[in-house]
Amino acid sequence: MMTVKSSSLGYPRLGEKREWKRALESYWNDGSSKEELLATTKELRLASLQKQADAGIDKIPSGDFSLYDHVLDTSVTLGIVPERFKYTDGEVPLETYFTIARGNKDAVASEMTKWFNTNYHYIVPELDNARPQLTFNRSLFYYNEAKNELGLETKPVILGPISYLKLAKGYEEDQFETLLTALIPVYVQIFAELEAAGVQTVQLDEPYLVLLTDKKELNYYKKSIAAFKEAAPSIQLILQTYFERLDHYEAILELPADGFGIDFVADHGDNLRSLLQFGFPEDKILAAGIIDGRNVWRSNLKDKLALLTLIQANVPAERLIIQPSSSLLHVPITVAHETTFEKTLVNGLAFADEKLHEIVLLTKAVRDGVSSIQTELDDSFEKYTALQKADFRNNQTVEAELTSIQGEEVNRALPYAERILLQHEALNLPLLPTTSIGSFPQSAVVRQKRAAWKKGNLTEADYRSFIKEETERWIDIQEGLDLDVLVHGEFERTDMVEYFGQQLSGFQASTFGWVQSYGSRAVRPPLIFGDIAFEKEMTVEETVYAQSLTEKPVKGMLTAPITILNWSFVRDDITVDKVANQIGLALRKEVLALEKAGIGIIQIDEPALREGLPLKEERWKKYLDASVYAFKLTTAGVKNETQIHTHMCYAEFDDIIDTISALDADVISIETSRSHGDIIEAFEVHTYDKEIGLGVYDIHSPRVPTAEEIKQNISRALQVFPPEQFWINPDCGLKTRHESETIDALKTMVDVTKEIRKAYN
């Protein structure tokens, strides 16, 4: 008898204690062989599959694992490799795979950008001269591995061709249908081989479907799905979407898929309204995403059961799958290792494993009745309620401060055009000033000292002494390189968001709450669990010490409210705007403390502003207005002579240039080089009236840029901006780079800048 099923859409790759990351980096650093890398990652992959089976998940995903990125996996599966990487035919070698992502001395890495509005990064496919072919059926390999090694019947996860093309670059709009026509036969071959192997269900991820505006484009989905069903008629094909609502709901449900994965968490209630208004096809499966796949808080299971009751009024249990709203790639693996958390907080959390447990409980409730889980339901609701009522979520001092700023004007005393003249006079910088973005390499010694300090094996005094020594060493290095504006290096910081989360009240840093950002880069987003308040100065001591070592200006370095918000796991009991303003108020106190201590340049980084932009354009204005307000709440209290900088990572900036200007930062630096100049085009179309630095070399690659590459990047920018408006800097912070390559790259950058300056003297 058919009944409701539970499912997962994807599981984190990192390992509970980042074993995946260490295996990759050991291989890249020649510390292990290819065979050792593959053996370690296979062990982790199989353990993750078994864990999901043991949890009671009915439909376990396979093929969601990756050695770097699932979009890159799709590219190499399809044989789509840029010509500069010298690939010819057959299965793409592992070294080529990693070179596409990381570059080498002969070839720059492919562009990397954010996966929709998440902090996960994917490698952008380059379709120039693409000739699709099936090089290796990864989906089949991972399916067979799970079946042969563990006896598990899994659900292969495949990134669909339309989303793949929409996420790619290197073609004109009128070439889309031709490229899709070329891709479909390769996908057909994948599906046919999966059916021959006995695969029962395939999860075809088409997340771009939530961005569909032109109803005519549904023909692309119809064409591809019909071809896959013809090639593999016995496979149950679930068309999976996530992150937003489906427009053209009725028309989408007419597509020839066997079922549809729909997000009932991030849809603002719109998908549920469509379901209740239009119903659901009687011959289709609904894979209902009702547990938040992107945040870490325990669900109110009573609310979820109420939601399921509404859904079941339109979809009977035998055609219902209960699952997370998205892949669990975006959350840590388990709460089990967070042994230092306060009880109310830890009981209020649900990482990936705990979310799977919630899915299984809800599935059991639908299948066997609520009474079958009553004990677990009551326990979960008690823990959920305790978190909502906790004192740390009801800080009356913070509430009073928020009330006091209502209606407050958050503008600098003078407009930019007037205050920039005062700043030039105060700073006396040369034309095309050079600087770095903030962080310098965190060597093994830095990490070892920090670990020893945290474990109590190094005294506070000795640790602070070491940080000062490292700061002094890098001030000397920067002066030797003749950079114009220096930084203290951020050696005391593990992460640009986590560091502030460790010092502001209302935040909790985790021990093993790691998530993948890009490649082997893992971050631990802090938990914003309560009201946020300033407690003590966070950056003043280190910045003032660095400034005491040099006559050149040293930038104060902070992370701005929206980036802290977007790179944290944010409480879900109040609006995000309110949380952003709490952060802005707390940071304003730090900004004023830096200024009072004599720091004349303060950089307040907002790299995640664009990534948090809602997927639906109708929601943009509210988000952008709130973002500008929170940033200006942080900065507006400084003197006119104090120069405010900000930094942003790569993104499509055409549609938010007005917002960037509205932030009213005196100088902005933007990660540019990895986009191969595409971002500059946005500034050719839109006038930007403040000072700007477009990153002149890629810091995500270990290769040292040539002088000619940097010169080309600077010259390209100077075709758009007058030299008086332009700064020279790397793309981003240099924490992840080695010391020698950092020094070599910065030396080249400064030398090229000096050469270009001569043309203006």
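The structure displayed is predicted, hence computed values, not measured ones.

Q: Outline the overall build of the chain, listing residues and values.
A: Each helix and strand counted, the chain has 27 helices and 21 strands in total. Its C-alpha radius of gyration of 26 Å places the chain within 12% of the 27 Å reference for a compact globule of 761 residues. C-alpha atoms of the chain, sized along the principal axes, occupy 80 × 60 × 50 Å. Counting every position in the chain, which comprises 761 residues, the buried fraction comes to 61%. Within the chain, counting contacts between residues at least 6 apart in sequence, those at least 24 apart form 79% of the total. Here the chain has roughly 29,300 Å² of accessible surface; of this, 49% comes from carbon and sulfur atoms. Considering the chain, the positive charge centre built from 81 side chains and the negative charge centre built from 117 side chains are found 2 Å apart.

Q: Before we move on, could you go through the pattern of salt bridges and cite the residues and values that matter?
A: Tallied over the entire structure, the rule returns 48 salt bridges. Residues D247 and K616 are paired through a salt bridge, measuring 2.8 Å at the closest nitrogen-oxygen approach. With D247 in the loop between β7 (236-240) and α9 (249-252) and K616 in the loop between β17 (601-605) and α23 (620-635), the pair connects residues that are 369 residues apart, well separated along the chain. Residue K747 pairs with D751 through a salt bridge whose shortest N-O separation is 2.8 Å. In this pair, K747 and D751 both sit in helix α27 (residues 739-757), four residues apart, roughly one turn of the helix.

Q: Give a description of the pairing of strand β19 (residues 667-670) that names residues and reports values.
A: A two-sided burial pattern is seen for β19, the buried positions comprising V667 and S669 on one face and I668 and I670 on the other. Taken together, the four bridges between strand β18 (residues 643-648) and β19 define a ladder with parallel strand orientation. Bridging from a neighbouring strand, H647 pairs with S669 of β19. As judged from the four bridges shared by β19 and strand β20 (residues 691-694), these two strands associate in the parallel manner. Paired with S669 across the strands is G693, a residue of β20.

Q: Lay out the sheet that holds β7 in plain terms, naming residues and giving numbers.
A: Sheet architecture is open: eight strands sit in the order β1-β10-β9-β8-β7-β6-β5-β2, paired in parallel fashion. Sheet topology places β1 (5-6) and β2 (60-62) at the edges, where each strand pairs with a single neighbour. Sheet topology note: the β1/strand β10 (residues 320-324) ladder contains two bridges and is parallel. The partner of K5 across the bridge, within β10, is I321.

Q: Give me the packing of helix α1 (residues 19-28) against helix α4 (residues 94-102): which residues, what numbers.
A: Between two packed helices, what matters for the description is the angle formed by their axes and the separation of those axes. Packing of α1 against α4 brings their axes to within 13 Å, and their N-to-C directions diverge by 100°. Judged by the inter-axis angle, α1 sits roughly perpendicular to α4. Touching L24, Y27 and W28 of α1 are L94, E95, F98 and R102, all from α4. Here the residues of the contact of α1 with α4 are counted per class, giving five nonpolar, no polar and two charged.

Q: Kindly report on the pairing of β20, identifying the contributing residues and their values.
A: Residues E691 and G693 line one face of β20 and the alternating positions I692 and L694 line the opposite face, and both faces are buried. Relative to strand β21 (residues 726-727), β20 runs parallel, the two sharing two bridges. By the bridge assignment, G693 is partnered in β21 with W727. Following the chain from β20 across helix α26 (residues 707-718) to the adjacent parallel β21, one finds a crossover that is right-handed.

Q: Just give me the short version of the side chain of Q323, but keep the residues and values in it.
A: Relative to the elements of secondary structure, Q323 occurs in strand β10. We classify Q323 as buried; its relative accessible area is 2%. A distance of 3.4 Å separates a polar atom in the side chain of Q323 from the backbone oxygen of A287.

Q: Lay out the packing of aromatic side chains in plain terms, naming residues and giving numbers.
A: Aromatic rings in a pair are described by how distant their centres are and how their planes are angled relative to each other. What the rule picks out here adds up to 25 aromatic pairs. Relative to F500, the ring of Y499 has its centre 5.4 Å away and its plane inclined at 85°; by these criteria the two rings are edge-to-face. In this structure, Y499 and F500 share a single accessibility class: buried. An aromatic cluster is defined as three or more aromatic residues linked by ring pairs; in this entry it consists of W115, F116, Y122, Y208, Y242 and F243. For R102, the ring lying beneath its charged end belongs to W28, and the centroid distance is 3.9 Å.

Q: Explain the sheet that holds β19 to me, using residue names and the numbers behind them.
A: As summarised here, the arrangement of the six strands in space is β15-β17-β18-β19-β20-β21, forming an open sheet in which the pairing is parallel. Looking at the sheet topology across the chains shown, the edges are occupied by β15 (555-559) and β21. Relative to β18, β17 runs parallel, the two sharing three bridges. Across the sheet, residue I602 finds its bridge partner in β18, namely I644.

Q: Quick rundown of the environment of L549? Include the residues and the values.
A: For L549, the location among the structural elements is in the loop between α20 (540-548) and β15. With relative accessibility at 26%, the residue L549 sits in the partly exposed group. For the pair formed by L549 and P722, sequence separation is 173 residues and the distance between their alpha carbons is 33 Å.

Q: Talk me through the nonpolar core; I want residue IDs and the actual numbers.
A: For soluble globular proteins, the rule of thumb is that nonpolar side chains tend to be buried together. In this structure, W115, Y164, F264, L286, I290 and I311 are the most contacted members of the largest nonpolar core, which totals 109 residues. Those residues in contact with F264 that lie beyond four places of it in its chain are N271, L272, L275, L286, A288, G289, I290, L307 and I311. I475, Y688, I710 and V752 belong to the second largest nonpolar core, which has 91 residues in total.

Q: Explain unusual backbone geometry to me, and be specific about the residues and the numbers.
A: For F116, which is not glycine, the phi torsion reads 55° and is therefore positive. Looking at the element boundaries, F116 is found in the loop between β3 (112-114) and β4 (121-123). The backbone of N428 sits at a positive phi, close to 55°, despite the residue not being glycine. Among the structural elements, N428 can be located in the loop between α16 (416-427) and α17 (444-454).

Q: Can you lay out helix α11 (residues 301-312) for me, pointing to particular residues and giving the numbers?
A: In this model, α11 (twelve residues) spans 16 Å end to end at C-alpha, consistent with the 16 Å of a helix rising 1.5 Å per residue. Those residues of α11 not exposed but buried are L301, K304, L305, L307, L308 and I311. Seen along its axis, α11 keeps its buried residues to an arc of 160°; they face one direction. Next to the buried residues of α11 lie α10 (270-278), β9 (285-291), β10, α13 (352-368) and α14 (374-389). The N-cap residue of α11 is N300: its side-chain oxygen and the backbone nitrogen of K302 are 3.1 Å apart.

Thresholds, definitions, all that
Every chain is numbered independently, its residues counted from 1 as its sequence is written. Note on the predicted model: pLDDT of at least 70 is required for a residue's local features to be given, and 80 or more for side-chain atom pairs to be given and counted; whole-chain, interface and lining totals, by contrast, use all residues. Side-chain metrics in this entry use all non-hydrogen atoms of the structure; hydrogen atoms and water are not considered. Put simply, DSSP marks the helices as runs of H or I at least four residues long and the strands as runs of E at least two long, and each gets a number from the N terminus on. Using C-alpha atoms as the atom set, the radius of gyration is obtained and then compared with a globule rule of 2.2 Å times the number of residues to the power 0.38. Here's how the labels work: a residue is buried when its accessible area is under 20% of the maximum for its type, exposed when over 50%, partly exposed in between, all with a 1.4 Å probe on protein chains only. Every residue pair with non-hydrogen atoms within 4.5 Å of one another is taken to be in contact. For the accessible areas, the method is Shrake-Rupley and the probe is 1.4 Å, while residue cover comes only from the protein chains on display. Asp and Glu are treated as the negative residues and Lys and Arg as the positive ones, with His and the ends of the chain left uncounted. In plain terms, the charge of a residue is placed at NZ if it is Lys, CZ if Arg, CG if Asp and CD if Glu. Each salt bridge in this description consists of a side-chain nitrogen of Lys or Arg and a carboxyl oxygen of Asp or Glu lying within 4 Å of one another. Between any two strands, pairing holds if DSSP finds at least two bridges. Note on geometry: axes are C-alpha line fits, over the in-contact stretch for helices, and angles between N-to-C directions span 0 to 180 degrees. Geometric relationships in this document are graded by angle, where less than 35 degrees denotes roughly parallel, more than 145 denotes roughly antiparallel, 65 to 115 denotes roughly perpendicular, and other angles denote oblique. Polar here means any residue other than Ala, Val, Leu, Ile, Met, Phe, Trp, Tyr, Cys and Pro, which are nonpolar, and Asp, Glu, Lys and Arg, which are charged; Gly is therefore polar. Every crossover in which the path from the first strand over the helix to the second runs clockwise, viewed with the strands pointing away from the viewer, is termed right-handed. Pairs of N or O atoms within 3.5 Å make up the polar contacts considered here, provided that, within protein, one atom can donate a hydrogen while the other can accept it, and that residues adjacent in sequence are counted only when both atoms are side-chain atoms. Each Phe, Tyr or Trp ring (for Trp, its six-membered ring) is paired with any other whose centre lies within 6.5 Å, and the angle between the two planes then decides the class: stacked below 30 degrees, edge-to-face above 60, tilted in between. Only Lys NZ and Arg CZ are tested; either one counts as a charge over a ring when it is within 6 Å of the ring centre and within 35 degrees of the ring normal. In plain words, nonpolar cores are sets of buried Ala, Val, Leu, Ile, Met, Phe, Trp, Tyr and Cys residues tied together by side-chain atoms within 4.5 Å. Working rule for helices: expected span equals 1.5 Å times residues minus one. Within this analysis, the arc is defined by the directions that extend from the helix axis to the C-beta atoms.

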